[in-house]
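This is what each chain is made of:
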Amino acid sequence: MKRVYVNEKWCLGCHLCEYYCAFTQTDKTDMAYALRGRKIFPMISVEDSGAVHFAVNCRHCAEPLCVKGCITGALSIQDGVVRLDQERCIGCFTCILSCPYGAISPAEDGHAVQKCELCLSTNEGVPQCVKNCPNAAIVFEDRG
Amino acid sequence: MAAFDFYPDYEVVRNLDRCIVCRVCERQCANGVHSCLEEKNVMLADDSQCVDCQRCVLLCPTRALKIVKSDNTYKQNDNWGKKAINELIIQASTGSVLLSSMGNPETYPIYFDKLVINASQVTNPSIDPLREPMETRVYLGAKPAAVERDDRGRIKNNLPPQLKLSMPMMFSAMSYGSISYNAHESLARAAAELGIYYNTGEGGLHEDFYRYGANTIVQVASGRFGVHKDYLNAGSAIEIKMGQGAKPGIGGHLPGRKIVADVSRTRMTPEGADAISPAPHHDIYSIEDLSQLVYSLKEATEYKKPVIVKIAAVHNVAAIASGIARSGADIISIDGFRGGTGAAPTRIRDNVGIPIELALASVDSRLRNEGIRDRVSVVVSGGIRSSADVVKAIALGADCVYLGTAALLALGCHLCRACQAGKCNWGIATQELELVKRLNPDIGYKRLINLMRAWKHEIEEMMGGMGINSIESLKGNRLMLRGVGLNEKELEVLGVKHAGQ
């Protein structure tokens, strides 16, 4: 299955992926109109420490602890992708506590969680963080 | 004195209706132009630090930024222009020699733009390169003057070593040190895939790149940095650098801060110490001395590799080229005054040397008149901006061109001409690891390949239009060129007729 991977060597720490992720979640066609004056809640986040930068998002684990811990069945595995049904999420945040990568975060309204679903709801065929990474540090590959 | 020396030349214009304060501009500017006033959630800019490299403009996801030339003006004066005044003010303030980078940007005539190319109509057929074979392969090196046979009448192989190129273009000498590891890797990989050559420049060859040796030209310059037996044998040809178009008559100076661990090991110079290339080669004061170095290098490589001698285009370039052709060199490389550099004194870059078009035409004519044109191949550089320039250079008599600035542009350079500062925001002319990583060679080498393939197609189209199906038939074919708006003397030097003749 294709997953999002980050080549740390090429990650510049520009944080553009976060903004494209946040933009994708809106229904707007213009990023300035969509995000100006707003705090963003991206599903990918860039970790920075000195000269080291890398973006982190959901690993779509084969045996995900988040899915095991979900008490309402909001999280499930569909075709290898860890999907979230926000309607069923009650915001207990068990998944946030159990994810070893810190890849799940509270959604903007605070009542449910949000996580990367590989932009499956868009028709691009490739996640927006991958498509818009200026240095090809974020890739969408099948590494087995 | 005043609070500032002068108002900045370029201004950062931010469209606040479009700025989402993502701070990408701030993170990507090595010059510290952008900053965020967090309590107001608004971005600020310090125009005085901006070099107009366009990095922030092109990474801004909402296109909220642009850089404009300041309209702040001194009182109109056609003699004392803004540039002259500002440069003088800098010198009055610092007492220093002015430094610049990349090629001469001044308003000298560009002869390539005053030459037009011929095409076939009615009386001779043009060729469609998509349907018929089109030969762009080039061999560089000395060609034998005559066929020789042994006592049984069989042809003797008396062909000196040659460089074989799939198209008449190579990447010119840019040292590891002046440009980054990733820039070198991009050039090396692209050259290997395209079947052409790149040039190490005078900084030695990084051990990782020995595997691209079949597509490498190794350079020996006056500082002899990184030169040893394995290095000489690693490449397919050796280039002796006598001069550089951007700074004829002077040497080089790579500042110590660019001599980081890897560069120091490759150059065989101490880390952090300035690497200074002397103006002359201290063992070359004549053509005879040059000949000794040519043959020393040939001895060291068992006469298996062609030797190139690179000179800057200067006033008596034709006579110098004639001498070089007689020195035993296989290839002469001539660098015009538009050629780039990682750092040169501004006055030298902008005032010394001659245009490559004129130098090339006079060298080719001189070598032909002396009957020694076959003894050497001629490679030109310094101002080749497009495939049309390549075609014109070949028609003027070049065998091949070197591309430096054009290759860097493909890698992201936007000609901000601040290489000497070592803070290249595009990861090219820098050794700072944070900046070097901005050039991903996986992207860079593909862009170089795209550029070269596009130019090759265009060259084939232009050749086809002329009814020529081989680069060899275009070489020195000055009847394929006409001048527009040139005077008698210029036409005479270029050896072309005026349009309409």
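What counts as what
Residues numbered from 1 in each chain as written. Chains lettered and ligands numbered in written order. Predicted model: local features only at pLDDT ≥ 70, side-chain atom pairs only at ≥ 80, totals over all residues. Heavy atoms only, no water. Helix = DSSP H or I, 4+ residues; strand = E, 2+ residues; numbered from the N terminus. Rg over C-alpha atoms; globule rule 2.2 N^0.38 Å. Buried < 20%, exposed > 50% of the residue type's maximum accessible area, 1.4 Å probe, protein only. Areas by Shrake-Rupley, 256 points an atom, 1.4 Å probe, with all protein chains shown as cover. Domains from an automatic or database assignment. Contact = heavy atoms within 4.5 Å. Buried area = accessible area lost by both parts, 1.4 Å probe. Salt bridge = Lys/Arg side-chain N within 4 Å of Asp/Glu carboxyl O. Nonpolar A, V, L, I, M, F, W, Y, C, P; charged D, E, K, R; others polar. Phe/Tyr/Trp six-rings, centres within 6.5 Å; stacked < 30°, edge-to-face > 60°. Lys NZ or Arg CZ within 6 Å of the ring centre and 35° of its normal. Pairing = 2+ DSSP bridges. Axes fitted to C-alpha atoms, helices over the stretch in contact; angles between N-to-C directions. Expected span 1.5 Å × (residues − 1). Polar contact = N/O pair within 3.5 Å; in protein donor to acceptor, adjacent residues only side chain to side chain. Core = buried A, V, L, I, M, F, W, Y, C linked by side-chain atoms within 4.5 Å. Lys, Arg positive; Asp, Glu negative; His and termini not counted. Parallel < 35°, antiparallel > 145°, perpendicular 65-115°, else oblique. Left-handed = near helix turned anticlockwise from the far one by under 90°.

Peer 1: Summarise the overall build of chain B; cite the residues concerned and give the values.
Peer 2: Helix and strand content of chain B: 16 helices and 21 strands. In summary, chain B has a C-alpha radius of gyration of 24 Å against a globular reference of 23 Å for 501 residues, a match within 12%. Taking the principal axes of its C-alpha atoms as reference, chain B extends roughly 90 × 60 × 45 Å. Relative to its 501 residues, chain B shows a buried fraction of 54%. Surface exposure of chain B reaches about 22,400 Å², of which carbon and sulfur atoms provide 51%.

Peer 1: With reference to specific residues and values, describe unusual backbone geometry.
Peer 2: The phi angle at A:D79 is positive, at roughly 50 degrees, despite the residue not being glycine. Residue classification places A:D79 among the exposed residues on the basis of a relative accessible area of 78%. With phi around 70 degrees, B:R23 is a residue other than glycine that occupies positive phi space. Tracing the backbone shows B:R23 in the loop between β1 (10-14) and α1 (24-28).

Peer 1: Can you explain the domain arrangement of chain B? Please cite residues and give values.
Peer 2: Residue and element names in this part refer to chain B. The assigned domain composition of chain B is domain 1 (10-96) and domain 2 (128-143 + 165-472). Taking only C-alpha atoms into account, the centre of domain 1 sits 33 Å from that of domain 2. Every contact between the two is made by 14 residues of domain 1 and, on the other side, eleven residues of domain 2. The three residues of domain 1 that bury the most area against domain 2 are A30, C53 and R55, which together make up 44% of that side's buried surface. Inspection of the domain 1/domain 2 interface yields two salt bridges. With its nearest N and O atoms 3.0 Å apart, the salt bridge here joins R347 to E87. Of the residues forming the side of domain 1 that touches domain 2, the biggest block, three residues, is contributed by helix α3 (residues 82-94). Partitioning the side of domain 1 that touches domain 2 into residue classes produces five nonpolar, four polar and five charged.

Peer 1: Any details on the packing of aromatic side chains? Residues and values, ideally.
Peer 2: Evaluated as defined, the whole model comprises five aromatic pairs over all chains. Here B:Y176 and B:Y181 contribute two aromatic rings whose centre-to-centre distance is 6.3 Å and whose plane-to-plane angle is 70 degrees, an arrangement assigned as edge-to-face. Among the residues examined, B:Y176 registers a relative accessible area of 3% and is labelled buried. Grouping aromatic residues by their ring pairs yields a cluster made of B:Y176, B:Y181, B:F209 and B:Y212. Here the basic side chain of A:R143 rests over the ring of A:Y5, its NZ or CZ set 4.2 Å away from the ring centre.

Peer 1: Give a description of the sheet that holds strand β6 (residues 115-117) of chain B that names residues and reports values.
Peer 2: Residue and element names in this part refer to chain B. Read across the open sheet, the three strands follow the order β6-β20-β21; overall the sheet is mixed. In this open sheet, the two strands that pair with only one neighbour each are β6 and β21 (497-498). Here helix α11 (residues 387-396) sits on the sheet and contacts β6 and β20 (481-483); the angle it forms with β6, its principal contact strand, is near 95 degrees.

Peer 1: Lay out helix α14 (residues 441-466) of chain B in plain terms, naming residues and giving numbers.
Peer 2: Residue and element names in this part refer to chain B. Here α14 is 26 residues long and its end C-alpha atoms lie 37 Å apart, about the 38 Å a rise of 1.5 Å per residue gives. Near the N-terminus of α14, the side chain that reaches the backbone nitrogen of D442, with its oxygen 2.9 Å away, is that of N440. With its phi angle positive at about 80 degrees, G467 sits one or two positions after the end of α14.

Peer 1: Which residues make up the environment of B:E460, and what are the values?
Peer 2: Relative to the elements of secondary structure, B:E460 occurs in helix α14. Every residue in contact with B:E460, bar those within four places of it in the chain, is listed here: B:P129, B:M134 and B:T136.

Peer 1: I'd like to hear about the side chain of B:S381, residue by residue, with values.
Peer 2: Residues and elements named next belong to chain B. Within the secondary structure, S381 sits in strand β18 (residues 377-381). Its relative accessible area of 4% is what places S381 among the buried residues. In this structure the side chain of S381 is engaged in a polar contact, spanning 3.0 Å, whose partner is the side chain of D335. Apart from residues no more than four positions distant in its own chain, S381 is found in contact with I334, D335, G336, I356 and Y402.

Peer 1: Residue-level account of the domain arrangement of chain A, with values.
Peer 2: Residues and elements named next belong to chain A. Looking at the assigned domains, one finds that chain A contains domain 1 (1-57 + 121-144) and domain 2 (60-115). Contact residues are listed per partner, giving ten residues for domain 1 and twelve residues for domain 2. In total, domain 1 and domain 2 occlude about 800 Å² of area from one another, counting both sides; carbon and sulfur atoms represent 54% of this. Contact with domain 2 buries surface across domain 1, with M1, F41 and M43 losing the most and accounting together for 56% of the total.

Peer 1: Help me get a handle on the nonpolar core, residues and values and all.
Peer 2: In this structure, B:F171, B:I334 and B:I428 are the most contacted members of the largest nonpolar core, which totals 111 residues. In terms of residues, this core owes the most to one element, α14(B), which gives nine residues. Grouped together as the second largest cluster of nonpolar side chains are 33 residues, A:C70, A:V81, A:V82 and A:C116 included.

Peer 1: Could you give an account of the side chain of B:D47, naming the residues involved and the relevant values?
Peer 2: Residues and elements named next belong to chain B. You can see D47 is positioned in the loop between β3 (42-45) and α2 (55-59). The buried charged residue D47 lacks any salt bridge, with R14 as its nearest oppositely charged partner at 7.6 Å. Once you skip the residues sitting within four places of it in the chain, D47 turns out to touch P8, Y10, E11 and V12.

Peer 1: Now, about the environment of B:D150: what can you tell me, with residues and values included?
Peer 2: Assignment of secondary structure puts B:D150 in the loop between β7 (138-140) and β8 (163-165). Distance from B:D150 to B:S126, taken between C-alpha atoms, is 43 Å for residues 24 residues apart in sequence.

Peer 1: Break down the packing of helix α8 (residues 317-325) of chain B against helix α10 (residues 356-369) of chain B for me, with residues and values.
Peer 2: All names here are of chain B. At their nearest, the axes of α8 and α10 sit 8 Å apart, and the two run at 50 degrees to each other. Taken together, the axes of α8 and α10 lie oblique to each other. With respect to the hand of their crossing, α8 and α10 are arranged in right-handed fashion. When α8 is examined against α10, the residues V317, A318, A319, A321, S322 and A325 are found in contact with a partner set consisting of A359, S362, V363, R366 and L367. When the residues that make up the contact of α8 with α10 are grouped by side-chain class, the tally is eight nonpolar, two polar and one charged.

Peer 1: Residue-level account of the pattern of salt bridges, with values.
Peer 2: Residue and element names in this part refer to chain B. The full count for this structure, using the stated rule, is 35 salt bridges over all chains. R189 is paired through a salt bridge with D442; the nearest N and O atoms lie 3.0 Å apart. One end of the pair, R189, is in helix α4 (residues 181-194); the other, D442, is in helix α14, with 253 residues separating them in the sequence. Here R385 makes a salt bridge to D389, at a shortest N to O gap of 3.0 Å.

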